[in-house]
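Single-letter residue listing:
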Amino acid sequence: MHRVGKISLAVAVCVICAGMTVNAGSAENTVNAVIKPAGVGAILDETVDADQCMEALEEAKEERKKFYGYENLGVAKVDDYLNVRKDPNESGELVGKMPRHAGADVLGEENGWYKIKSGKVTGYVRADYLLTGADARTLADEKAADMAVCNSGGLRVREEPSLEACVITQVAEGEELEVVAVEGEWVKIMLDDEEAYVFGEYVDIAKKLEKAVSMVELKYGQGVSDVRVDLVNYAKQFLGRPYVWGGTSLTNGADCSGFVLSVFKKYGVSLPHYSGSQAKMGTQISLSEAKPGDLVFYAKNGTVNHVAIYIGNRQVIHASSPRTGIKISNASYRTPYCVRRILS
């Protein structure tokens, strides 16, 4: 075995954190890949052999995966969303969309396009709009949020950090809630745009980036009228746009009811700018009867405080919170309070 000269584990970790791909074909290649960018000043007294060096690189890679879930991180650098296509060209079929600052594994590069995998989506994105290497990690460090991932079904979300506090809603297993703070046994979270609490035993906390949404998740169901198809497709154009409390602008920012108000306004439907008032419009139906364009409402202590547009396949689009903006969620990401049909 070739011995590596004076190179420290710290240098190896530094290299992997700088976004380099180290050739593991030989000890000499490993040495060259590590020493050349690190510089003489980075060499420390502690010496390691090639196996130790590669072990350090793998440990650093695993550490990155713990935080972001990706081995070769790419981050969408866009204002709203980045199209993911089946083939590496502008005419390629759309297979998904990456929201602003969403993460992905970069699998390869071809003619100015990156092949990526994010969530359930594998395809190609324009390289101009995806940060990689050190730039990606810098942006990820800034944008990745601590998320509480529900590890049991029917997680109760409470108003205060007490088992005696009122239950606002229940959250399904696997759903992610933005963490505000850990307070002893309790975790303060954001439930859309309001703070609430969950018991720490029933969540796993990890750094997360948004993931791509597949076209299957975005598709509407069968037998849907043209106006419903149009309305849902129109709403999806604003995926990734910002959340602004009290706002009604689909491009510059809206809150949940402002988003719904402005989408429906385009189709000649006038709605009040308050989710509780919107919940009194139209006809009440069950979630199982919902069609794209119907409205799904959520409540706190029996009072409606959030609204989303049903888009089909048990998915909704809504202006969720200042961190996520307009996003796609499971319709039952929290317990629906009621569903209303506005479009006849």
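These figures come from a predicted structure and were not determined experimentally.

J.: Sorry if this is basic, but what is going on with the pairing of strand E20 (residues 303–312) here?
T.: Looking down a regular strand, the side chains alternate between one sheet face and the other. Counting buried positions along E20 yields nine of 10 residues, so the element is predominantly enclosed. Here E20 runs beside strand E21 (residues 315–321); their pairing, made up of three bridges, is antiparallel. By the bridge assignment, Ile 309 is partnered in E21 with Ile 317.

J.: Mind showing me how you'd approach the nonpolar core here?
T.: Across soluble globular proteins, nonpolar side chains have a tendency to be buried as a group. In terms of nonpolar packing, the biggest core is built from 32 residues, with Phe 259, Val 263, Phe 264, Leu 295, Ile 309 and Ile 317 touching the most fellow members. Secondary-structure elements contributing two or more residues to this core are helix H6 (226–236), helix H7 (256–265), strand E19 (295–300), E20, E21 and strand E22 (325–330). With five residues, H7 is the largest single contributor of residues to this core. Ignoring any residue separated from it by four or fewer positions in sequence, one finds Leu 295 in contact with Val 260, Phe 264, Leu 271, Val 307, Ala 308, Ile 309, Cys 338, Val 339, Arg 340 and Ile 342. Val 84, Ala 102, Ile 116 and Ala 127 belong to the second largest nonpolar core, which has 15 residues in total.

J.: For this particular structure, what's the right way to read the pattern of salt bridges?
T.: For side chains of opposite charge, pairing can occur when their charged atoms come near one another. In total, this model carries 16 salt bridges according to the counting rule given. Of the charged contacts in the structure, one is a salt bridge between Glu 178 and Arg 323, with a shortest N-O distance of 3.5 Å. In this pair, Glu 178 is assigned in strand E11 (residues 176–183) and Arg 323 in the loop between E21 and E22, connecting sequence segments 145 residues apart. On the basis of relative accessible area, Glu 178 is assigned to the buried category, the value being 18%. Among the charged side chains, a network of salt bridges with common partners joins Arg 85, Glu 90, Arg 126 and Asp 128.

J.: How should the pairing of E19 be read in this particular structure?
T.: Within E19, five of the six residues are buried, which leaves it mostly tucked inside the rest of the structure. The pairing of E19 with E20 spans six bridges and is classified as antiparallel. Opposite Val 296, over in E20, you have Ala 308 as the bridge partner. Linkage of E19 to E20, two consecutive antiparallel strands, is achieved through a turn of two residues, within which Asn 301 is found at a positive phi near 55°. Two elements, E19 and strand E23 (residues 338–341), share three bridges in a ladder whose sense is antiparallel.

J.: I tried to follow H7 on my own but got confused; where do I start?
T.: Within an α-helix, residues lying three or four positions from one another point in the same direction, as the helix has 3.6 residues per turn. Judged by how many residues are buried, H7 sits mostly within the fold: nine of 10 residues are covered. Within the span of H7, buried status applies to Cys 256, Ser 257, Gly 258, Phe 259, Val 260, Leu 261, Ser 262, Val 263 and Phe 264.

J.: Sorry if this is basic, but what is going on with the side chain of His 306 here?
T.: Mapping His 306 onto the fold places it in strand E20. By relative accessible area, His 306 is classed as buried at 1%. A distance of 2.9 Å separates polar atoms of two side chains, one belonging to His 306 and the other to His 318. When residues no more than four places from it in sequence are discounted, the contact partners of His 306 are Asp 192, Cys 256, Ser 275, Val 296, Phe 297, Tyr 298, His 318, Ala 319, Ser 320, Tyr 333 and Arg 334.

J.: Would you mind showing me how to read the sheet that holds E21 here?
T.: Strand pairing in a sheet relies on backbone hydrogen bonds, with the paired strands running either antiparallel or parallel. Taking strand neighbours across the sheet as the criterion, the six strands line up as E18-E23-E19-E20-E21-E22 in an open arrangement whose pairing is antiparallel. The open sheet terminates on both sides in strands that have one partner only, identified here as strand E18 (283–285) and E22. Neighbour to neighbour, the strand axes of the sheet diverge by 40° on average, direction disregarded. Summarising the sheet, E21 and E22 pair through six bridges and their orientation is antiparallel. When the bridges of E22 are listed, Ser 321 appears paired with Gly 325. Set on the sheet, H6 makes contact with E20, E21 and E23; between it and E20 the angle comes to about 110°. Contacting E19, E20, E21 and E22, H7 crosses the sheet at an angle of about 45° to E20.

J.: Just checking my understanding: could you explain the packing of H6 against H7 for this structure?
T.: Helix-helix packing is described using two parameters, namely the angle between the two axes and the distance between the axes. It is at 10 Å that the axes of H6 and H7 come closest, and there the two elements cross at 130°. Here H6 lies oblique to H7, going by the angle between them. Crossing geometry of H6 relative to H7 is assigned as right-handed. For the pair H6 and H7, the contacting residues are Leu 231, Tyr 234 and Ala 235 in the first and Phe 259, Val 263 and Phe 264 in the second. Looking at the contact of H6 with H7, its residues break down into six nonpolar, no polar and no charged.

Reading the values: the criteria
Residues numbered from 1 in each chain as written. Predicted model: local features only at pLDDT ≥ 70, side-chain atom pairs only at ≥ 80, totals over all residues. Heavy atoms only, no water. Buried < 20%, exposed > 50% of the residue type's maximum accessible area, 1.4 Å probe, protein only. Helix = DSSP H or I, 4+ residues; strand = E, 2+ residues; numbered from the N terminus. Pairing = 2+ DSSP bridges. Core = buried A, V, L, I, M, F, W, Y, C linked by side-chain atoms within 4.5 Å. Contact = heavy atoms within 4.5 Å. Salt bridge = Lys/Arg side-chain N within 4 Å of Asp/Glu carboxyl O. Polar contact = N/O pair within 3.5 Å; in protein donor to acceptor, adjacent residues only side chain to side chain. Axes fitted to C-alpha atoms, helices over the stretch in contact; angles between N-to-C directions. Parallel < 35°, antiparallel > 145°, perpendicular 65-115°, else oblique. Left-handed = near helix turned anticlockwise from the far one by under 90°. Nonpolar A, V, L, I, M, F, W, Y, C, P; charged D, E, K, R; others polar.

All we've got here are geometric facts, nothing functional implied.
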